[in-house]
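Letter by letter, the chains look like this.
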Amino acid sequence: MTQVGLESVLRLAPGCRLNEHGAGQDLLLIPEGALRMQGPARKIVELLNGERTVQTIIEDLQHRYGSEDAARIETETIALLTRLRDRGALESV
Amino acid sequence: MKYEPKALIAEVTHRCPLHCVYCSNPLEMQRRSEELSTSDWVSIFQQAGEMGVLQLHLTGGEPLARTDLAELIKAGRSSGLYINLITSGVGLDGPKLDALIEAGLDHIQLSFQDIEEGPANEFAGTRSHALKLRMAAMIRERRVGFTLNMVVHRSNLDRLEQMLAFAEQSGAQRVEIAHVQYYGWALKNRDALLPTRAQVDKSIEIVEAARTRLRGRLRIDFVLPDYYAKYPKPCMNGWGHQQMLIDPAGRVLPCHAAGVIPGLELSSTREHPLRWIWEESPAINKFRDESWMPEPCKSCDRRTRDFGGCRCQALLLTGDAAATDPVCTLAPRHDVIEKILAQVNGNSRNEWVYRIDPV
């Protein structure tokens with residue numbers, strides 16, 4: 001499978017959502033269980049609205065977390081999104 | 001509490017329009033008059049949410065046989081649970097499906113008995129296949145998680161490639177290729193259901209090829225029949241470790257089948273808070289830690305991975321629920337499995353035994 005690209009537009013697949021309640025707030029609920037969204041991972045998933053490109057999301061994160069880590073933010077965001085897509089948790093719009 | 005419950009399996013009814021030859025419900029089914037009320041279930045879901053349970057699996061029987069299903073979904077969702085409906089699709093139509101999704105349904109697992117109508121209806125003991133195809137199309141048109149559950153066994157495993165081709169174009173995100181497990185009614189029909197070794201080997205090849213081809217598009221979950229495994233499955237990820245099942249009458253079990261274990265003292269949500277049952281009840285604690293383990297489990301490195309296997313299977317095949325699961329090649333009673341496999345791998349087809357619905 002190819003990597004998620006900067007122009008990709010993604011959203012959570014049907015049957016996948018961030019947990020809204022209590023202690024499990026860092027969990028992405030999926031049909032077979034739950035994936036822990038540590039650190040900025042939850043923010044990244046929140047930014048997937050089916051309209052923003054991956055590029056836009058990365059720029060938002062770079063702005064939010066500081067641009068000295070810009071390259072790392074880009075690499076790690078794409079890696080996370082690729083993993084989630086391969087897991088079936090994301091769909092392309 | 002060392003053990004945090006993650007999932008609640010709610011058998012909301014044992015009533016079902018299907019009569020599958022491998023039904024996983026207990027041989028003694030609960031009648032309609034014994035079923036919990038809507039408010040009983042609402043209270044259970046609230047308690048489960050407070051205990052940190054994440055997933056609610058609504059199953060049966062056929063959960064659609066309950067007229068309050070939308071209410072149950074709504075209650076589960078407002079208790080913070082992820083709602084999965086495990087269904088045959090019989091009893092569903094467009095407006096009803098919309099109402100369930102509107103109530104907060106996250107995911108549907110739709111079962112199929114085969115990919116060809118004749119055999120599918122034969123295994124289900126009802127003419128349900130055509131309806132299931134219509135339901136699959138209806139689910140695909142809506143925004144809800146969708147898993148196909150293909151139940152496989154000796155008489156249909158040779159059609160695995162066609163099943164996967166159907167799954168690929170069905171709109172499902174995921175397909176479970178689920179080998180029949182030999183509990184409940186399935187044990188009665190085991191000799192007609194258990195696949196041959198040649199079939200199992202071929203099925204592994206087919207699934208591996210399909211996984212590579214469909215990666216990122218369709219997820220394939222595939223579990224081998226444990227009779228052919230070297231080591232036992234980590235049944236329920238450990239007895240009383242992560243999951244519990246509540247039967248239609250409110251009895252709490254560690255799994256679908258544990259009701260067969262003699263002397264297991266089941267507690268009911270009609271009499272006790274769910275937290276007490278999870279933490280303190282005799283049944284949930286019975287095989288929870290390692291103190292029950294015999295050798296070779298007790299000193300085995302794998303005991304923290306497979307927990308000695310399945311207690312129900314140990315009982316059904318050796319007569320002792322505290323024996324090492326006989327599917328384990330290290331088990332003293334592995335000869336039981338070897339005998340069954342030797343028979344099956346040189347056996348001709350048996351007749352089905354159908355079950356009837358509870359009144």
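Residues numbered from 1 in each chain as written. Chains lettered and ligands numbered in written order. Predicted model: local features only at pLDDT ≥ 70, side-chain atom pairs only at ≥ 80, totals over all residues.

As for the overall build of chain B
Here is step 1: In terms of regular secondary structure, chain B is built from 14 helices and 10 strands.
Here is step 2: With respect to the principal axes defined by its C-alpha atoms, chain B has extents near 55 × 50 × 40 Å.
Here is step 3: The proportion of buried residues among the 359 residues of chain B is 48%.
Here is step 4: Look at the contacts in chain B between residues 6 or more apart in sequence, and 75% of them connect residues 24 or more apart. (Helix = DSSP H or I, 4+ residues; strand = E, 2+ residues; numbered from the N terminus. Buried ≥ 20, exposed ≤ 12 C-beta atoms within 10 Å, placed from the backbone. Contact = placed C-beta atoms within 7 Å.)

Digging into the overall build of chain A
Here is step 1: In terms of helices and strands, chain A carries three helices and five strands.
Here is step 2: In sequence order, chain A lays out its α and β elements as β-β-β-β-α-α-α-β.
Here is step 3: Taking 93 residues into account, the globule formula puts the C-alpha radius of gyration at 12 Å, and chain A, at 13 Å, falls close to it.
Here is step 4: Once the C-alpha set of chain A is aligned to its principal axes, its extents read approximately 35 × 30 × 20 Å.
Here is step 5: When the 93 residues of chain A are sorted by exposure, 29% land in the buried category.
Here is step 6: Residue pairs in contact within chain A that sit at least 24 positions apart in sequence constitute 59% of those at least 6 positions apart. (Rg over C-alpha atoms; globule rule 2.2 N^0.38 Å.)

As for the pairing of strand β6 (residues 174–179) of chain B
Residue and element names in this part refer to chain B.
Here is step 1: By the criterion of burial, β6 is predominantly enclosed, with five of the six residues buried.
Here is step 2: Tracing the backbone out of strand β5 (residues 145–152), into helix α6 (residues 160–169) and back to the parallel element β6 gives a crossover that is right-handed.
Here is step 3: The sheet contact formed by β6 and strand β7 (residues 219–223) spans five bridges and is parallel. Its bridge partner being in β7, Ala-178 is matched across the sheet by Val-223. (Right-handed = clockwise from strand over helix to strand, strands pointing away. Pairing = 2+ DSSP bridges.)

Some details on the packing of α6(B) against helix α9 (residues 197–214) of chain B
All names here are of chain B.
Here is step 1: Interhelical geometry of α6 versus α9 gives an angle of 25 degrees and a closest axis separation of 10 Å. Considering their axes alone, α6 and α9 lie roughly parallel with respect to each other. Read as a crossing pair, α6 and α9 show a hand that is right-handed. Mapping the contact onto sequence places Leu-160, Glu-161, Leu-164 and Glu-168 in α6 and Ser-203, Ile-206, Ala-210 and Leu-214 in α9.
Here is step 2: Residue composition of the contact of α6 with α9, grouped by class: five nonpolar, one polar and two charged. (Axes fitted to C-alpha atoms, helices over the stretch in contact; angles between N-to-C directions. Parallel < 35°, antiparallel > 145°, perpendicular 65-115°, else oblique. Left-handed = near helix turned anticlockwise from the far one by under 90°. Nonpolar A, V, L, I, M, F, W, Y, C, P; charged D, E, K, R; others polar.)

As for unusual backbone geometry
All names here are of chain B.
Here is step 1: For the bond from Gly-60 to Gly-61, the omega torsion is 10 degrees, close enough to zero to count as cis.
Here is step 2: Structurally, Gly-61 is set in the loop between β2 (55–59) and α2 (69–78).
Here is step 3: Going from Glu-295 to Pro-296, the amide bond is cis rather than trans, its omega being 5 degrees.
Here is step 4: Along the chain, Pro-296 turns up in the loop between α11 (282–285) and α12 (303–306).

Section: the sheet that holds β7(B)
Residue and element names in this part refer to chain B.
Here is step 1: Taking strand neighbours across the sheet as the criterion, the 10 strands line up as β7-β6-β5-β4-β3-β2-β1-β8-β9-β10 in an open arrangement whose pairing is mixed. Taken across any chain shown, the strands that pair with only one partner, and hence form the sheet edges, are β7 and β10 (267–268).
Here is step 2: In this sheet, β2 lies alongside strand β1 (residues 7–11) in parallel orientation, the contact comprising five bridges. For Leu-8, the partnering residue across the bridge sits in β2 and is Leu-56.

A short note on the confidence of the model for chain A
Here is step 1: On average, residues of chain A score 90 in pLDDT, and 95% of them are at 70 or above.
Here is step 2: Within chain A, the lowest mean pLDDT, 91, falls on strand β5 (residues 90–92) of chain A, and the highest, 96, falls on strand β1 (residues 10–12) of chain A. (pLDDT = per-residue confidence, 0-100.)

Topic: the interface of chain A and chain B
Here is step 1: Contacts between the two partners involve 19 residues from chain A, matched on the other side by 18 residues from chain B.
Here is step 2: At the level of secondary structure, the elements contributing two or more residues to the side of chain A that touches chain B comprise β3 (27–30), β4 (33–36) and α3 (70–86) of chain A.
Here is step 3: Its residues placed into classes, the side of chain A that touches chain B shows nine nonpolar, six polar and four charged.

Quick notes on the confidence of the model for chain B
Here is step 1: Across chain B, pLDDT averages 94, with 98% of residues at or above 70.
Here is step 2: Across the interfaces of the predicted complex, the ipTM metric reaches 0.90, alongside a pTM of 0.93.

Regarding the pairing of β1(B)
Within a regular beta strand, the side chains point alternately toward one face of the sheet and then the other, so they alternate between its two faces.
Residue and element names in this part refer to chain B.
Here is step 1: Among the five residues of β1, five are classified as buried, and the element is accordingly described as predominantly covered.
Here is step 2: Of the two faces of β1, both are covered, the one formed by Ala-7, Ile-9 and Glu-11 as well as the one formed by Leu-8 and Ala-10.
Here is step 3: Handedness of the crossover joining β1 and β2 through helix α1 (residues 38–50) is recorded here as right-handed.
Here is step 4: Of the strand pairs in this sheet, β1 and strand β8 (residues 243–246) are connected by four bridges, and their pairing is parallel. Of the residues in β8, the one forming a bridge with Ile-9 is Leu-245.

Considering the packing of α2(B) against helix α3 (residues 94–103) of chain B
Residues and elements named next belong to chain B.
Here is step 1: Put simply, α2 and α3 touch, their axes get as near as 8 Å, and they point 20 degrees apart. Classed by the angle they form, the pair α2 and α3 counts as roughly parallel. Relative to α3, the crossing made by α2 is right-handed. Residues Leu-69, Ala-70, Ile-73 and Lys-74 of α2 touch α3, and the partners they reach there are Ala-99, Leu-100 and Ala-103.
Here is step 2: Residues that form the contact of α2 with α3 fall into these classes: six nonpolar, no polar and one charged.

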